[in-house]
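# Breakdown of the fold
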Amino acid sequence: MKNILTIARNTLKLEVRDRILIGILIFALGYLAITLFLADLVLKELPMVKSFGLTGIYFFNAITALFLGTTSFFKDVDRKVVYFILSKPVSRAQFLLGKFFGLCLVLLLTSAILAVAYLGVVAYEGGGFNAMGLLAIAMQFLEMALFLAFAIFVSTFSSSLLSIVYTSAIFFLGHVVSSLVADAQAVGITGFKLFLVKALYYIFPNLEKFDIRSMAIYSVPEPFASFALAAAYAAFYVILLLSLSVWIFDRKEI
Amino acid sequence: MVEFSNLTKAYRKRRVVDDFSLTVDVPIFGFLGQNGAGKTTIMKMIVGLLAPTAGTIAIDGLSSASPEAKKRIGYMPETPYFYERMTGMEFLQFCDELYPHTGKNRVDHYGSLLRKVGIFAARDAEIRTYSKGMRQRLGFAQALVNDPEYLFLDEPLDGLDPIGRREMKAVMTDLKHEKRRIFLNTHILADVEEICDAVGVIHQGKLLYAGGVKQFCAGMPLEERFMAVVEAHEKAEKHEKR
């Protein structure tokens, strides 16, 4: 456990010094600041301000997760920094989990910074404390943790560039998978083709489960059970993906 | 004592280390061989970075890849790569935290290690500003961070200027006097002659000779003797294939 924490802490320390990450964060904060001006000029109503803010945070967190997940672990292995770590009493599983939790900490930090900025903007525009907005950001964080786990999983067997392609594909699929079966049936797909569509539906994570932005925008209360269910769903996929990643990484020649 | 028993590493059908058996119990042992002879592969297997296809490596009876054995060893990879945005001091601390703590003042310990390898003045500079020689020295320092009984150094003198080489050789000699055991990979014969108590000559993954340096040379210059052994082996192999 100590080794996982050491590697996680070190990952956090290194990533927050990364200029690309700092650039993304500054850009995201700038975007939220612009919301203040747009609120008066274009957005007019509070729900529009919330929508603009939450979508922006989601977009920038997705970029951050994609960037971190596809580069951080891969770089350590590819550039052989891992030689220093794995020649010490550290298992490959500890290293991989340490990287994952470290990257989650980075995302947690960026989410927290953006959440504070968002809450500030909403409060300034007269929306008070937007608790549902905070919950929507927490749900987004769960989605990003799953996204990170997938990016690390892909990084265990492919290059950084391919990881970006695969991880972007899962991001897209994850958002259309929930309507895939219904859409297939609506256009008359049956038999083996429908079986394949259903297989896709069950294999790929349904990322729409984490999207409660509409509820947050219109302040519709979300039952705690659905948050707990989403957390359990994310945990299931994260554990599955990390277990597969450890299995592959344990067998990888470095 | 380090014991290699029938150690083999194969990639598909190609054997890069071939049935390698050896027992080493001298203060400084040098693996000698041309580029691609299998030296680095053996060292990576010792420290658990690669899994052998067959055979075992034991350090004082413990499997070398076990956590217990790893607590007792230090390893410096060939051409070390670092986290560029860390300082030398931070990197040593990170490496040290991967071992169970011993309780002594660690910051002083890191400082003394950096002094030992001659980069104390750059301790708070980011590693990306280090020269190749400084990186080599930092790689050496991190191998010492846990006060190891056994040191495995892969081409430790590569990239160092003549003064740096002399300093690092002096550090190795000091470590020898502290009763630590050092294994080093090198293709620089002069270094072997100067600091090693015994050598293992490796060629195409096979051990051709293991023993004292003087006995190996038998009155000939080391380079000449090394080439003679390698050429004789290649001749014998060609003859066998016919």
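Residues numbered from 1 in each chain as written. Chains lettered and ligands numbered in written order. Predicted model: local features only at pLDDT ≥ 70, side-chain atom pairs only at ≥ 80, totals over all residues.

## Structural notes on the overall build of chain A
For clarity, the threshold we go by: A run of H or I in DSSP becomes a helix once it reaches four residues, and a run of E becomes a strand once it reaches two; helices and strands are each numbered from the N terminus. Computation of the radius of gyration draws on C-alpha atoms, with the globule rule given as 2.2 Å multiplied by the number of residues to the power 0.38. Counting other C-beta atoms within 10 Å of each residue's C-beta, where C-beta atoms are placed from the backbone, gives the exposure class: buried for 20 or more, exposed for 12 or fewer, partly exposed between. Remark: residues whose backbone-derived C-beta atoms lie within 7 Å of one another are considered to be in contact.
If you tally the helices and strands in chain A, you get 10 helices and zero strands. Reading chain A from its N end, one meets helices and strands in the order α-α-α-α-α-α-α-α-α-α. Taken over the C-alpha trace, chain A has a radius of gyration of 20 Å; the compact-globule value for 254 residues is 18 Å, and the two agree within 12%. Along the three orthogonal principal directions, the C-alpha set of chain A runs to about 60 × 55 × 30 Å. The buried share of chain A, taken over its 254 residues, is 43%. Here the contacts in chain A between residues at least 6 apart in sequence split such that 81% fall between residues at least 24 apart.

## Things to note about the domain arrangement of chain B
Residue and element names in this part refer to chain B. Convention followed: For each domain, the first and last residues come from an automatic or database assignment.
Domains assigned within chain B are domain 1 (2-72 + 148-241) and domain 2 (80-147). Computed from C-alpha atoms alone, the centre-to-centre distance between domain 1 and domain 2 is 25 Å. Each partner contributes to the interface: domain 1 provides 13 residues, whereas domain 2 provides 12 residues. Of all elements in the fold, only strand 7 (150-154) and helix 6 (162-177) reach the threshold of two or more residues within the side of domain 1 that touches domain 2.

## Digging into the interface of chain B and chain A
Our working rule: Just so you know the grouping, Ala, Val, Leu, Ile, Met, Phe, Trp, Tyr, Cys and Pro go in nonpolar, Asp, Glu, Lys and Arg go in charged, and all remaining residues, Gly too, go in polar.
If you look at the interface, chain B gives 20 residues, while chain A gives 18 residues. Going through the elements one at a time, helix 2 (67-70) and helix 3 (88-96) of chain B are the ones with two or more residues in the side of chain B that touches chain A. When the residues that make up the side of chain B that touches chain A are grouped by side-chain class, the tally is 14 nonpolar, two polar and four charged.

## Quick notes on unusual backbone geometry
All names here are of chain B. Phi at glutamate 155 is positive, roughly 50°, even though this residue is not glycine. Structurally, glutamate 155 can be placed in the loop between strand 7 and helix 6. Taking the number of C-beta atoms within 10 Å as the measure of exposure, glutamate 155 has 20 and is therefore buried.

## So, the sheet that holds strand 8 (residues 181-186) of chain B
Residues and elements named next belong to chain B. We apply this condition: Note on pairing: two strands pair once DSSP finds at least 2 bridges between them. With axes taken as lines fitted to C-alpha atoms, and helix axes fitted only over the stretch in contact, angles between N-to-C directions fall between 0 and 180 degrees.
What the six strands build is an open sheet, ordered 6-7-8-3-9-10; its pairing is mixed. Bordering the open sheet on either side are strand 6 (73-76) and strand 10 (206-212), each of which pairs with just one other strand. Adjacent strand axes in the sheet meet at a mean angle of 15° when their direction is disregarded. Two strands pair when backbone bridges link them, and strand 7 and strand 8 are joined in this way by five bridges, in the parallel orientation. By the bridge assignment for strand 8, leucine 151 is matched with isoleucine 182. Sitting on the sheet, helix 1 (residues 39-46) is in contact with strand 3 (28-32), strand 7, strand 8 and strand 9 (198-203), with an inclination near 145° to strand 7. Here helix 6 sits on the sheet in contact with strand 3, strand 7 and strand 8, set at roughly 150° to strand 8.

## Let's talk about the sheet that holds strand 5 (residues 62-63) of chain B
Residues and elements named next belong to chain B. One open sheet accounts for four strands, arranged 2-1-4-5; its pairing is antiparallel. Lying at the two open borders of the sheet, with one neighbouring strand each, are strand 2 (14-24) and strand 5. Bridging between strand 1 (residues 2-11) and strand 2 involves seven bridges; their strand directions are antiparallel. Each bridged residue has a counterpart across the sheet, and for tyrosine 11 the counterpart in strand 2 is arginine 14. Set on the sheet, helix 1 makes contact with strand 1, strand 2 and strand 4 (54-59); between it and strand 2 the angle comes to about 65°.

## Quick word on the environment of Ala216(A)
Residue and element names in this part refer to chain A. For alanine 216, the location among the structural elements is in helix 9 (residues 213-217). On the neighbour-count criterion, alanine 216 (25 C-beta atoms within 10 Å) is buried. Filtering out sequence-adjacent residues up to four positions away, alanine 216 remains in contact with Lys50, Leu54, Met132, Gly133, Leu135 and Ala136.

## Comments concerning the environment of Ala210(B)
Residue and element names in this part refer to chain B. Topologically, alanine 210 is positioned in strand 10. Put simply, alanine 210 and valine 24 are 186 residues apart on the chain and 9.0 Å apart in space, counted from C-alpha to C-alpha. Residues contacting alanine 210, with those up to four places away along its chain left out, are Leu22 and Gly200.

## With respect to the nonpolar core
Put simply, the test is: To define a nonpolar core, we join buried Ala, Val, Leu, Ile, Met, Phe, Trp, Tyr and Cys residues through C-beta atoms within 7 Å and take the resulting set.
Core analysis: the largest hydrophobic core is formed by 131 residues, its most contacted members being Phe100(A), Ala145(A), Leu146(A), Leu148(A), Ala149(A) and Phe152(B). No other element matches the 17 residues that helix 6 (residues 131-155) of chain A contributes to this core. Not counting chain neighbours up to four residues away, the residues in contact with Phe100(A) comprise Leu148(A), Ala149(A), Ile152(A) and Leu242(A).

## A word on the confidence of the model for chain A
Applied cut-off: Confidence of the prediction at every residue is given by pLDDT, a number between 0 and 100.
When pLDDT is averaged along chain A, the result is 89; 99% of the residues meet or exceed 70. Ranking the helices and strands of chain A by mean pLDDT puts helix 4 (residues 82-86) of chain A first, with 95, and helix 9 of chain A last, with 81.

## As for helix 4 (residues 106-116) of chain B
Residue and element names in this part refer to chain B. Heads up, the rule is: Each direction from the helix axis to a C-beta atom contributes to the arc, which is the arc of those directions.
Of the residues making up helix 4, those classed as buried are Tyr110, Leu113 and Leu114. Looking straight down helix 4, one finds its buried side chains confined to an arc of 95°; they lie on one side. Taken together, the buried residues of helix 4 touch helix 3 and helix 5 (132-143). Trailing helix 4 by a residue or two, glycine 118 shows a phi angle of about 85°, which is positive.

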